[in-house]
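# Residue-level structural notes
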Amino acid sequence: MKRSKTSKSWMNEHVSDPYVHKAKIAGYRSRAAFKLLEANEKFNFLTKKMNVVDLGSAPGSWSQVISQMTGCNGNIFALDLLEMVPIKNVEFLKGDFREQEMLDSLEKKLGKTSLDLVISDMAPNISGIKTSDQAGIIHLNELALQFSTDWLKPNGCFLVKSFVGAEFDGFVAETRKHFEKVTTFKPASSRDRSSEIFVFGRNKI
Ligand SMILES: C[S@@+](CC[C@H](N)C(=O)[O-])C[C@H]1O[C@@H](n2cnc3c(N)ncnc32)[C@H](O)[C@@H]1O
């Protein structure tokens, strides 16, 4: 079958992407690692001992970064719709975070552990229909925020990926109600053409 122009240009972009090369050299499973590392350079929230939940974790580069940072000094729980190859010190759950059953399993695993950090890189499969893609990510953002407010310790932090578009400002305003300081930023490693943006909430109230 003839390859479409779009997949050809995606491949060209991928092979010439410096973050793809850097990720390979550093042993990260995905270039997404650099988004978390950049966020940490900016906000300095990763510490050597922390309890973390990583939502939308596969293939696992954010969990790799956290695992390297904390060693066995913390508890890391990761969840994704897709399978994830095991990572040292990371407990993985496979399933859909939107489902109550999945939330119950995660909460059961957490037991009495309260969290220092919740990170979410969850994004729906992009359909190209902007309104439904935007509604999909905002829904995931709201679920991640609700989970954070339920499980973070006072002063815990929250990092979540969103898309600029309808309801984004409302989501940021809602996040501001629960954290002392909320900042939005786009890392250099996030592709220019993407409407991706990150929201960082510092110090849960
Ligand atoms: C951009 S990738 C995450 C990359 C990851 N942070 C890393 O560093 O390797 C987004 C992930 O979100 C997951 N995801 C999307 N919707 C989800 C849902 N409803 N529940 C759980 N995971 C979901 C996808 O399966 C996908 O693996």
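Rules used in this analysis
Residues numbered from 1 in each chain as written. Predicted model: local features only at pLDDT ≥ 70, side-chain atom pairs only at ≥ 80, totals over all residues. Heavy atoms only, no water. 1 Å grid on protein atoms, 1.4 Å probe; cavity = no way out; pocket = protein on both sides within 12 Å on 5 of 7 lines; lining within 4 Å. Points joined across faces, edges and corners; volume = space filled by probe spheres on them. Helix = DSSP H or I, 4+ residues; strand = E, 2+ residues; numbered from the N terminus. Phe/Tyr/Trp six-rings, centres within 6.5 Å; stacked < 30°, edge-to-face > 60°. Buried < 20%, exposed > 50% of the residue type's maximum accessible area, 1.4 Å probe, protein only. Lys NZ or Arg CZ within 6 Å of the ring centre and 35° of its normal. UniProt positions renumbered as here; feature names shortened; annotations may be inferred. Arc of directions from axis to C-beta. Contact = heavy atoms within 4.5 Å. Near = heavy atom within 4 Å. Polar contact = N/O pair within 3.5 Å; in protein donor to acceptor, adjacent residues only side chain to side chain. Areas by Shrake-Rupley, 256 points an atom, 1.4 Å probe, with all protein chains shown as cover. Sits in = over half its atoms within 2 Å of the grid points.

Looking at the largest pocket, its volume works out to about 1,500 Å³. Around the largest pocket, the lining comprises 47 residues; the ones closest to its centre are D121, A123, P124, I126 and K161. Elements that contribute at least two residues to the lining of the largest pocket include exactly α1 (5-15), α2 (18-26), α4 (61-70), β2 (76-80), α6 (130-151) and β5 (152-163).

Let's shift gears to the packing of aromatic side chains. In total, this model carries 10 aromatic pairs according to the counting rule given. When the centroid spacing of 6.1 Å and the interplanar angle of 40° are considered together, the rings of W62 and F198 count as tilted. Of this pair, W62 sits in helix α4 while F198 sits in strand β7 (residues 196-204), and the two are 136 residues apart along the sequence. Centroid distance F185 to F198: 6.0 Å. Interplanar angle 45°. Geometry classified as tilted. Within this pair, whereas F185 is found in strand β6 (residues 179-185), its partner F198 is found in strand β7, the two being separated by 13 residues in sequence. Residue classification places F198 among the buried residues on the basis of a relative accessible area of 2%. Through successive ring pairs, a cluster of aromatic residues spans F43, F45, W62, F185, F198 and F200. Its end group placed over the ring of F34, K22 keeps NZ or CZ at 4.9 Å from the ring centre.

On to the UniProt feature "domain: Ribosomal RNA methyltransferase FtsJ" (unreviewed entry) in the chain, then. Mapped onto this structure's residue numbering, the UniProt feature "domain: Ribosomal RNA methyltransferase FtsJ" (unreviewed entry) falls at residues 28-204. When the span residues 28-204 is considered, its composition is 36% helix and 27% strand, and the gap between its end C-alpha atoms is 30 Å.

Most peptide bonds take the trans form, and the phi angle of most residues other than glycine is negative. For the peptide bond that leads from A58 to P59, omega is 5°, which places it in the cis range. Note on placement: P59 falls in the loop between β1 (52-55) and α4. Non-glycine residue E167 carries a positive phi angle of around 75°. Structurally, the position occupied by E167 is in the loop between β5 and α7 (168-176). Residue class for E167 comes out exposed when judged on its relative accessible area of 57%. Residues other than glycine seldom take positive phi values, yet N203 does so here, at roughly 60°. Among the structural elements, N203 can be located in strand β7.

Within helix α5 (residues 100-110), burial applies to M102, L106 and L110. One side of α5 holds all its buried residues, which, seen down the axis, span an arc of 80°. With respect to the buried face of α5, the exposed residues turned more than 90 degrees away are Q100, E101 and K108. Each element contacted by the buried residues of α5 is listed here: β1, β2, β3 (90-94), β4 (115-120) and α6. Backbone geometry just after α5 places G111 at a positive phi near 55°.

What follows is about the site of the ligand. Around the ligand sit 21 residues in total, of which G60, S61, D80, D96 and D121 are the nearest. Here an oxygen atom of the ligand and a backbone polar atom of S57 are 3.4 Å apart. Within the side chain of R98, one N or O atom sits 3.5 Å away from a nitrogen atom of the ligand. Contact with the protein chains hides 88% of the accessible area of the ligand, taken as 600 Å² for the molecule alone. Here the ligand occupies the largest pocket. For the shell around the ligand, the secondary-structure elements that each account for two or more residues are α4 and β2.

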